[in-house]
Number of protein chains: 2
Amino acid sequence: MAKPNPSPSDLVLIFVVAVIFGASSPSPAAARSSSSPSSRWAPPRFVGKFNKLQQPQIRYETRYFEQRLDHFSFSELPRFRQRYLISTEHWVGPTRLGPIFVYCGNEGDIAWFAANTGFVWEIAPQFGAMVVFPEHRYYGESVPYGNGEEAYKNATTLSYLTAEQALADFSVLITNLKKNLSAEGCPVVLFGGSYGGMLASWMRLKYPHIAIGALASSAPILQFEDIVPVETFYDLVSNGFKRESSSCFNTIKQSWDVLLSEGQKNDGLLQLTKSFHLCRTLRSIDDLTDWLESAYSYLAMVNYPYPSEFIMPLPGHPIREVCSKIDRSPVEASILERIFEGISVFYNYTGKVDCFQLDDDPHGMDGWNWQACTEMIMPMSSGRDSSMFPTYDFNFSSYQEQCWRDFGVKPRPRWITTEFGGHDIKATLQNFGSNIIFSNGLLDPWSGGGVLKNISKSIVALVTDEGAHHLDLRASTNEDPEWLVEQRATEIELIKSWLNDYYQENKAVFEM
Amino acid sequence: MAKPNPSPSDLVLIFVVAVIFGASSPSPAAARSSSSPSSRWAPPRFVGKFNKLQQPQIRYETRYFEQRLDHFSFSELPRFRQRYLISTEHWVGPTRLGPIFVYCGNEGDIAWFAANTGFVWEIAPQFGAMVVFPEHRYYGESVPYGNGEEAYKNATTLSYLTAEQALADFSVLITNLKKNLSAEGCPVVLFGGSYGGMLASWMRLKYPHIAIGALASSAPILQFEDIVPVETFYDLVSNGFKRESSSCFNTIKQSWDVLLSEGQKNDGLLQLTKSFHLCRTLRSIDDLTDWLESAYSYLAMVNYPYPSEFIMPLPGHPIREVCSKIDRSPVEASILERIFEGISVFYNYTGKVDCFQLDDDPHGMDGWNWQACTEMIMPMSSGRDSSMFPTYDFNFSSYQEQCWRDFGVKPRPRWITTEFGGHDIKATLQNFGSNIIFSNGLLDPWSGGGVLKNISKSIVALVTDEGAHHLDLRASTNEDPEWLVEQRATEIELIKSWLNDYYQENKAVFEM
């Protein structure tokens, strides 16, 4: 079965969820998402689960900073208030050149990222560091034009939602903050996960005078144009299943045709609704396909070796568990019965779900969908052999048409690599950059778009075989495996070395 | 005598002229300037002299490329055609990875810069290089909104005239050009003088993936905020006179009060008009003061050791000649008579001028004045002791008020250093940048805002004691002194080493 042309929002859905999977409490933005069925920013079917998670103990002040809407022109535009969270509790202050840790807010409510980036808060005391979490424009409370409704009204109001503007926001904010605290000499270290990790590494490249280094976790900065093969993402998800069991992989691969032919029968949709315990009668086979595909992709991202509750409460090695259900269903079980047993590990591990809600309005307007329709064009195909998903060839024309229908905007698929590079990343970074950690877990399908090899002495790839999506940025737990403890220790050592270099250099005064 | 508050256009006038001083034929922009008394882009009193100069033999094709007006947003704005000059005559082509030499067009007609940047054309053949001269937006033929009148109408239409947009123009153009020629692997080397040199060095910093190196000649990238002392520029001009003769310096320093008291007498302005052989009766003493001040500053910029015809036909060591006239006038000559004799070396070396035209409408709207009122805030004061000019303290409030009156725009004095750095330039470039030549001649008052010390193995300062404003970029002549021949040879060697490094690296393929 050929996959119907996915829309840009289909393709990015997994990314959006990837970066928000750690959310532990309903943030205002999440609440908006949840209450508005037309928004796909945080798919409603996941958001409700987040409030079970534990909150790390973090304390901060919430402040606001007035920003220009377009840093790169002098157009008369309304300004907006950027929210930022700040803690100076452990900061040793400007006279001792206390470091400033800045998390590059990504596509969501910043309080939510702060709550789910425990690593930064945990290490701040030993560094005597200030912690700052600036919010990304157009998300959370940092929306222009007074409110989200106005800001998201159309392509004109949305047009300043770009990565470059966000980086300029961070740079202006940090520069002002330092000036006001007489902390111009204090070194800034950047952190970020997923899209936030992309921002952190790009900011280190574009604003080396603002920050001395960046920890970019699970940042797929190479997932553009043809830099990595278009089939990488779905191949990596599929490999995650194949390595557990080739029969599991095959069952899933066969299931799409079966689903299609079942759905085309008389009463087929009704029958599938029953088989999959859906709360509402299926309106289209695609809705069910999307629901299954999403689950497989999320499973690959959170395929951690110990139980977790990121997107869903899940056992350790969740793909192993899913495949075990698919493979070990009674011999007489049909393919779809096996699939249902498997998928229930993801959607109903606690066994408390009576029926499943599908997200059947995937084209709502939200920030990330806009970004995916403008700059963040990440082509993805699903191949005939190595992918267990329905085959699909990325087609830029249909992608573009969909963006025009959704937002009235034309994507610029080559802009990100023009602005930030990518094709010649090794040469560029080797000769130019310094002090960046690219951390990736190989189980994470986004790792395919990441930097996986050391580039120079100070541009380091930390790759963990058993790691998944930016786990290193989360608060430590008693269940952390040794490799994760070691990875974080390495990160701390690298950051220390950047700071030591900085302090040594600053004994010397520059005479022009 | 205290200098009256100069407007931003006063302060930048010398810069504007500095970068255009090599113009050899009236370009369209120059012609516009010359015919429109309200434009100060190229002061009318100089433009007329340019068409005497020899044209270097250069051949190129003129092409156009459609650009977005705002690269950093998705606003629906009219696109514009960017002009670029291109020569592939000596290019060895994409299979041999022939280099691409790109001159970063600055604030003027690009044909004019092409004609006055002979160095790039001269060295292209030995490198087998393509040569590209893209024009800076809002100058020459590359104006948006259909024509210059519309583009320069008001702050709204002008608002996209910024350095960052210009750099993005260059990057998008180069990327497209390379793609169309299947020349993605061909290394790009940037060139630029004065503001164009600033652009070249900033582009190397911001777009290291686009260009492998930059020759930034006479680029005062540190002339912002408080990075260099505000009195640097006028002190350097003054030093140029003092080192020739302290009595000359003193005569000029005393002349301002004399001028003022003469001007305040009955018929004083008429008397001064006669003494200085002006074509039209003086309306204000300031016009005469500006005229004299400009001449001294230009003299410092073009204080070359051999005869030249950049701004004006001038003898070698022109300041020495001026001072010799000032000092050796008959003993009984008054201060103002001495000043007139001296200044005539600059304004009338050929002896053919019957009377002098002053530029008495300095507040015309033009591109560089806009840039000076928005991003390019270069604070300059004239001190009590070390400067021979009237004392003046840079006052940002009045500067801002003047910009508001002239353009209805508010300057952003800290933006350039936020976007491009500056304060910590050594540390930033040492740890981050590579392959930049900062060339400066110490006689050039703009050298005070330049990078004058080597920063790393590949970020090199080439400083010439007897050099002035970006002489190295001009075509060679038989009169070139040995140090200039050597400087150019060093530049060629450095560019060769960048290219060799690039070719060596590209034998290895990057495996992610």
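Residues numbered from 1 in each chain as written. Chains lettered and ligands numbered in written order. Predicted model: local features only at pLDDT ≥ 70, side-chain atom pairs only at ≥ 80, totals over all residues. Heavy atoms only, no water.

### Looking at the overall build of chain A
Scanning chain A for helices and strands turns up 20 helices and 8 strands. Residues counted as buried form 63% of the 512 residues belonging to chain A. Sequence separation of 24 or more characterises 74% of the internal contacts of chain A that already satisfy a separation of 6 or more. Looking at chain A as shown, the accessible area adds up to about 18,300 Å², and 48% of this sits on carbon and sulfur atoms. (Helix = DSSP H or I, 4+ residues; strand = E, 2+ residues; numbered from the N terminus. Buried < 20%, exposed > 50% of the residue type's maximum accessible area, 1.4 Å probe, protein only. Contact = heavy atoms within 4.5 Å. Areas by Shrake-Rupley, 256 points an atom, 1.4 Å probe, with all protein chains shown as cover.)

### Here we look at the environment of B:L269
Residue and element names in this part refer to chain B. In this fold, L269 is placed in helix α12 (residues 268-275). Residues L269 and L282, 13 residues apart in the sequence, show an inter-C-alpha distance of 5.6 Å. Setting aside chain neighbours within four positions, we find L269 in contact with G263, L282, R283, S284 and I285.

### Thoughts on the pairing of strand β3 (residues 100-103) of chain B
Residues and elements named next belong to chain B. Burial of the side chains of β3 extends over both faces: I100 and V102 are buried on one face and F101 and Y103 on the other. Judged from the 3 bridges that link them, β3 and strand β4 (residues 130-134) form a sheet pairing that is parallel. Its bridge partner lying in β4, V102 is registered against V132. Note that β3 and strand β5 (residues 188-193) share 4 bridges and pair parallel. Looking at the pairing, I100 lines up with V188 of β5. (Pairing = 2+ DSSP bridges.)

### Regarding the interface of chain B and chain A
The interface of chain B with chain A comprises 57 residues on the first partner and 57 residues on the second. Of the roughly 4,900 Å² buried at the junction of chain B and chain A (both faces included), carbon and sulfur atoms supply 60%. Applying the counting criterion to the chain B and chain A interface returns 0 salt bridges. The tally of links between chain B and chain A comes to 25 residue pairs in polar contact (both at pLDDT 80 or more). Elements represented by at least two residues in the side of chain B that touches chain A include exactly α8 (163-180), α9 (195-206), α16 (367-374), α18 (415-420) and α19 (425-431) of chain B. For the side of chain B that touches chain A, the element with the most residues is α8(B), which contributes 8 residues. (Buried area = accessible area lost by both parts, 1.4 Å probe. Salt bridge = Lys/Arg side-chain N within 4 Å of Asp/Glu carboxyl O. Polar contact = N/O pair within 3.5 Å; in protein donor to acceptor, adjacent residues only side chain to side chain.)

### With respect to the domain arrangement of chain A
All names here are of chain A. Segmentation of chain A into domains returns domain 1 (61-225 + 416-511) and domain 2 (229-412). When residues of domain 1 are sorted by the area they lose upon contact with domain 2, Q223, L443 and P445 head the list and together hold 22% of the total. Close ionic contact of R243 with E466 constitutes a salt bridge, the shortest N to O distance being 3.8 Å. For the interface between domain 1 and domain 2, the tally reads 9 residue pairs in polar contact (both at pLDDT 80 or more). Broken down by secondary-structure element, the contributors of at least two residues to the side of domain 1 that touches domain 2 are α7 (155-158), α8 (163-180), α9 (195-206) and α20 (482-505). Looking at the side of domain 1 that touches domain 2 element by element, the count peaks at 3 residues for α9. (Domains from an automatic or database assignment.)

### Observations concerning helix α13 (residues 285-301) of chain A
The terminal C-alpha atoms of α13(A) lie 25 Å apart, and with 17 residues this matches the ideal 24 Å at 1.5 Å per residue to within 8%. Taken across its 17 residues, α13(A) has 15 buried, putting it largely inside the fold. (Expected span 1.5 Å × (residues − 1).)

### Side note on the sheet that holds strand β1 (residues 61-67) of chain B
All names here are of chain B. Spatially, β1-β2-β4-β3-β5-β6-β7-β8 is the arrangement adopted by the 8 strands of the open sheet, whose pairing is mixed. Edge positions in the sheet fall to β1 and β8 (459-464), since each of these pairs with one other strand and no more. With strand direction ignored, the average angle separating the axes of adjacent strands in the sheet is 20 degrees. Here helix α5 (residues 118-127) sits on the sheet in contact with β2 (80-87), β3, β4, β5 and β6 (213-217), set at roughly 150 degrees to β4. Those strands touched by α9 are β5, β6 and β7 (436-441), and its axis lies near 150 degrees from that of β5. (Axes fitted to C-alpha atoms, helices over the stretch in contact; angles between N-to-C directions.)

### Focus on the relation of the copies chain B and chain A
When chain B is fitted to chain A, the best match, at an RMSD of 0.1 Å, comes from turning it 180 degrees and sliding it 0.0 Å along the axis. In symmetry terms, the pair is related by a two-fold rotation axis. Most of the interface of chain B is mirrored in chain A, where 100% of its interface residues are also at the interface. (Least-squares fit on C-alpha atoms with pLDDT ≥ 70 in both.)

### Section: the pattern of salt bridges
Scanning the entire structure with this criterion turns up 28 salt bridges over all chains. Note that B:R63 and B:E61 form a salt bridge whose closest N and O atoms lie 3.0 Å from each other. With relative accessibility at 44%, the residue B:E61 sits in the partly exposed group. B:R83 is the partner of B:E141 in a salt bridge, and the nearest nitrogen-oxygen pair spans 3.3 Å. Taken together, the residues B:E141 in the loop between β4 and α6 (148-151) and B:R83 in strand β2 connect sequence positions 58 residues apart. Its relative accessible area of 36% is what places B:E141 among the partly exposed residues. The network of salt bridges with common partners includes A:R83, A:D109, A:E135 and A:E141.

### Observations regarding the packing of helix α5 (residues 118-127) of chain A against α20(A)
Residues and elements named next belong to chain A. Running from N to C, α5 and α20 point in directions that differ by 45 degrees, and their axes come no closer than 12 Å. Regarding the angle of α5 to α20, the classification is oblique. Relative to α20, the crossing made by α5 is right-handed. Side by side, α5 and α20 meet where F119, I123, Q126 and F127 of the first sit next to R488, E491, I492, I495, K496 and L499 of the second. Here the contact of α5 with α20 is composed, by residue class, of 6 nonpolar, 1 polar and 3 charged. (Parallel < 35°, antiparallel > 145°, perpendicular 65-115°, else oblique. Left-handed = near helix turned anticlockwise from the far one by under 90°. Nonpolar A, V, L, I, M, F, W, Y, C, P; charged D, E, K, R; others polar.)

### Remarks on unusual backbone geometry
A positive phi angle is found at A:D267, which is not glycine, with a value near 60 degrees. A:D267 gets classed as exposed once you look at its relative accessible area, which sits at 57%. Positive phi outside glycine occurs at B:S218, with the angle close to 50 degrees. A relative accessible area of 1% means that B:S218 is categorised as buried.

### Some points on the sheet that holds strand β8 (residues 459-464) of chain A
All names here are of chain A. Read from one edge to the other, the open sheet built from 8 strands follows the order β1-β2-β4-β3-β5-β6-β7-β8, with strand pairing classed as mixed. The strands lining the two open edges of the sheet, one partner per strand, are β1 (61-67) and β8. The mean angle between the axes of side-by-side strands here comes to 20 degrees, regardless of whether they run parallel or antiparallel. Where strand β2 (residues 80-87) meets strand β4 (residues 130-134), 4 bridges bridge the pair, whose relative direction is antiparallel. In the sheet register, L85 faces β4, and the bridge partner there is F133. α5 rests against β2, β3 (100-103), β4, β5 (188-193) and β6 (213-217) of the sheet, and its axis sits at about 150 degrees to β4.

### Focus: helix α14 (residues 318-328) of chain B
Those residues of α14(B) that sit buried are B:P318, B:I319, B:V322, B:C323, B:S324 and B:I326. Of the surrounding secondary structure, the elements contacted by the buried residues of α14(B) are α10 (232-242), α11 (246-264), α13 (285-301) and α15 (335-347) of chain B.

### Re the state of the cysteines
Residue and element names in this part refer to chain B. One pass over the structure, following the stated rule, counts 6 disulfides over all chains. Covalently, C248 is tied to C323 through a disulfide, its sulfur atoms 2.1 Å apart. Across the S-S bond linking C248 and C323, the dihedral sits near -70 degrees, which makes this disulfide left-handed. Remark: C323 occurs in helix α14 and C248 occurs in helix α11; sequence separation between them is 75 residues. Covalent S-S linkage joins C373 and C403, the inter-sulfur distance amounting to 2.1 Å. Disulfide C373-C403: the torsion about the S-S bond is -85 degrees, which places it as left-handed. Of the two residues, C373 sits in helix α16 while C403 sits in helix α17 (residues 396-407), which places them 30 residues apart along the sequence. (Disulfide = S-S within 2.5 Å.)

### Considerations on the packing of helix α10 (residues 232-242) of chain A against helix α11 (residues 246-264) of chain A
Residues and elements named next belong to chain A. One can describe the packing of α10 onto α11 by two numbers: an axis separation of 7 Å at closest approach and a directional angle of 130 degrees. Between α10 and α11, the crossing angle belongs to the class labelled oblique. Contact residues: α10 offers S238, F241 and K242, while α11 offers S246, C248, F249 and I252. Of the residues in the contact of α10 with α11, the class split is 4 nonpolar, 2 polar and 1 charged.

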